[in-house]
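# A closer look at the structure
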Amino acid sequence: MYPVLGRLGGAAAALLLGVGVLLGGPAPAAATGAAAAVPPVAGNLKAYNVDGVYSAGVSSGGYMATQLHVAYSSTFKGSAAFASGPQYCAQNDLGKALNACMEVYQDLQLATLKQTTANWSAQGAIDDASGLSGDPVYVFSGSNDSTVERPVSTALNDYYRHFGANVLYNRSTTAGHAWISPLGPNACTATANPWINNCGFDAEREFLGHLLGSVSAPAAAPGGSLIRFDQNPYAPGGAANPISMDENGFVYVPTSCANGAACKVVVALHGCKQGYSYQGFGTQFIDKAYLNEYADTNRLIVLYPQAVPTTTLDNPNGCWNWWGYLGDSAYARHGGKQIETIMGMVRALGGTGSTPPPAGTLTLPSLDAEDGYIKAAGDGSGPAVGTLEDTYGLALGRGADGRFNRSMLSFDTGAVPAGKEITRAWVTLTRSSGSGDPWAGPAGNRLLVDVHTGCLGGCAVETGDWAAAATAAGAADIGPFASGSKASGNLSAAGLSAINRSGRTQVRLRFEQNQTATAYLFVNKDTQATLTVEYR
């Protein structure tokens, strides 16, 4: 990075401080329309009745929307991208990001990008690229956008058409570099804070109508709930900041979706400098994007993940990772840290889709005959095998008897093909019942996932399993959930290495700290827990 900074000189170096940056400047006079803000309330992601998932974004968020769609086309059924370019445009090269994927001093090598997608598809590094065929895609480029120039968006149009997508390309306005919305306070031609422009037409009706087939008229004002949730549990190692993501994320849930109606999920991705924690920007993108109004009348859950600036020169403007910052060379495919974090959120909402999983994925149910739980005193003394699995499920946390419960899961992982690299794995639980919040007392408590090669003792649950040393202790954690299903974070490298290619892998679930009062949950009474393994 630093040699490039020196080579480019002062003006370009300023631009380098946020590749894909939405350029700053004073805001012009406000256009018509005022956002009807919904005050956020603290909560958690939970599973809904989801029957489709889509992505949308602007600038760096447009690049991320495309990355999500291409990497996981078996989950995402379409995408909308404002002011951005084709998949893997930067090719993990900052110079290309600056000079080919924003301005066009260099050839962005569209043929190479298409071939890379085909290669990754064949290798299982992304979902089968044939899944893009027929998908609705919306591309927008304004004639006054000098940040991501018109030829870059045209290349995105050509890229998607090459893979058979049904593309609607709007290049008819004089827009600057911005998200387009009837609630935008800026004139159409502006490139200025808050980078939301009013161009005299309803871009949300246009792109949502293309993605969904048709849409009903928007609500006069949002009537659902805007939930602020913790993004940490979905990030590698349970920490969002190290991958330039905020601790705060948001999801808008209409009342109909909360009440069980079949709903679709739209993952809406802000651009650089538009994140919640960027210099007090707050919820302006969420309030003015004009998506919540359509969500109420079209049964859409809108997920608003949040990026955050780094304290270094890697990403000081809070852009999404579309050029490989912080050393994440997998940023545009399976294993990309931000992609996988967002996918964890989508899964938590129930948005796994009904299509078969991509090639190179196994979802293994736990072995009921070998699952169980153990209770013991806080120091591990007096362990005993729990007896209520058939009645309530597997116990975790502090029971009414004052003892602490840990649960064991067994998986037959011999089905993972020999010679394949395991790239990602996670455990999914389904809550059956419980009492209190075992994550809250003490505050910040974590439900940890220990992974062991083979069986800790015998494969059936036994008292020694409560304290036996595991191959990979704390390989992931599972965030709080009050109902439905919850996926763990991705297993650590040690956790992946502990997966046994020739037979059993055991997983122990335990809270990191003993609860200070009765607080517990039961999981997987009627359904088996699962271990999902991706490989290439």
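Heads up: these notes are all about the structure in this document. Worth saying up front: this structure is predicted, and the values here are computed from it rather than measured. (Residues numbered from 1 in each chain as written. Predicted model: local features only at pLDDT ≥ 70, side-chain atom pairs only at ≥ 80, totals over all residues. Heavy atoms only, no water.)

This part takes up the overall build of the protein chain. In terms of regular secondary structure, the protein chain is built from 12 helices and 24 strands. Along the first, second and third principal axes, the C-alpha atoms of the protein chain reach 70 × 50 × 40 Å. By the burial criterion, 59% of the 536 residues in the protein chain qualify as buried. Of all intrachain contacts in the protein chain linking residues separated by at least 6 positions in sequence, the fraction that spans at least 24 positions is 76%. Surface exposure of the protein chain reaches about 18300 Å², of which carbon and sulfur atoms provide 50%. (Helix = DSSP H or I, 4+ residues; strand = E, 2+ residues; numbered from the N terminus. Buried < 20%, exposed > 50% of the residue type's maximum accessible area, 1.4 Å probe, protein only. Contact = heavy atoms within 4.5 Å. Areas by Shrake-Rupley, 256 points an atom, 1.4 Å probe, with all protein chains shown as cover.)

A separate point is the packing of aromatic side chains. Tallied over the full model, the rule gives 23 aromatic pairs. With 5.7 Å between their ring centres and 55 degrees between their planes, F82 and Y138 make a pair best called tilted. One end of the pair, F82, is in strand β3 (residues 76-82); the other, Y138, is in strand β4 (residues 136-140), and 56 residues separate them in sequence. The class for F82 is buried, based on a relative accessible area of 0%. For Y138, a relative accessible area of 0% corresponds to the buried category. Linked through ring pairs, F82, Y138, F140, W179, F207, F285 and Y304 together constitute an aromatic cluster. One residue, R333, lies across the ring of W120, its end atom 5.7 Å from the ring centre. Positioned above the aromatic ring of W466 is the side chain of R406, whose terminal nitrogen or guanidinium carbon lies 3.6 Å from the ring centre. (Phe/Tyr/Trp six-rings, centres within 6.5 Å; stacked < 30°, edge-to-face > 60°. Lys NZ or Arg CZ within 6 Å of the ring centre and 35° of its normal.)

Pairing is parallel in the open sheet, where 3 strands are placed in the order β6-β8-β7. Every interior strand has two partners, whereas the edge strands, β6 (179-180) and β7 (186-187), have only one. When β7 meets strand β8 (residues 196-198), the two strands line up parallel, connected through 2 bridges. Among the inter-strand pairings, A187 is bridged to a residue of β8, identified as N198. (Pairing = 2+ DSSP bridges.)

Our focus in this paragraph is the pattern of salt bridges. The tally for this structure, following the rule as stated, stands at 11 salt bridges. Residue K264 pairs with D51 through a salt bridge whose shortest N-O separation is 3.4 Å. Taken together, the residues span a long stretch of sequence, with K264 in strand β11 (residues 263-269) and D51 in strand β2 (residues 50-58) at a distance of 213 residues. Residue D51 is classed as partly exposed on the basis of its relative accessible area, which comes to 44%. A salt bridge links E534 to R424; the nearest nitrogen and oxygen atoms lie 3.0 Å apart. With E534 in strand β24 (residues 530-535) and R424 in strand β18 (residues 422-435), this residue pair connects regions lying 110 residues apart in the sequence. Overall, E534 belongs to the buried group, its relative accessible area being 4%. For R424, a relative accessible area of 3% translates into the label buried. Connected via shared salt-bridge partners are E340, R424 and E534. (Salt bridge = Lys/Arg side-chain N within 4 Å of Asp/Glu carboxyl O.)

The next thing to look at is empty space enclosed by the protein. Tallied over the entire structure, the rule returns 2 cavities of 30 Å³ or more. The volume enclosed by the largest cavity comes to roughly 60 Å³. Lining of the largest cavity is provided by Y234, E340, G344, R347, R424, W426, A487, S488, G489 and N490. Of all the elements in the fold, those that place two or more residues in the lining of the largest cavity are α10 (337-348) and β18. (1 Å grid on protein atoms, 1.4 Å probe; cavity = no way out; pocket = protein on both sides within 12 Å on 5 of 7 lines; lining within 4 Å. Points joined across faces, edges and corners; volume = space filled by probe spheres on them.)

So, about the environment of M102. Tracing the backbone shows M102 in the loop between α3 (94-99) and α4 (110-123). As for M102 and A472, which are separated by 370 residues in sequence, their C-alpha atoms are 43 Å apart.

The next point concerns unusual backbone geometry. Cis geometry marks the peptide bond from N193 to P194; its omega dihedral reads 5 degrees. Mapped onto the secondary structure, P194 falls in the loop between β7 and β8. A cis amide bond, omega 5 degrees, links G441 with the succeeding residue P442. Here P442 shows up in the loop between β18 and β19 (447-453). Phi at S59 is positive, roughly 55 degrees, even though this residue is not glycine. Given the relative accessible area of 1%, S59 is considered buried. Of note in the backbone geometry, K273 takes a positive phi value of approximately 65 degrees without being a glycine. By the secondary structure assignment, K273 is in the loop between β11 and α8 (284-288).

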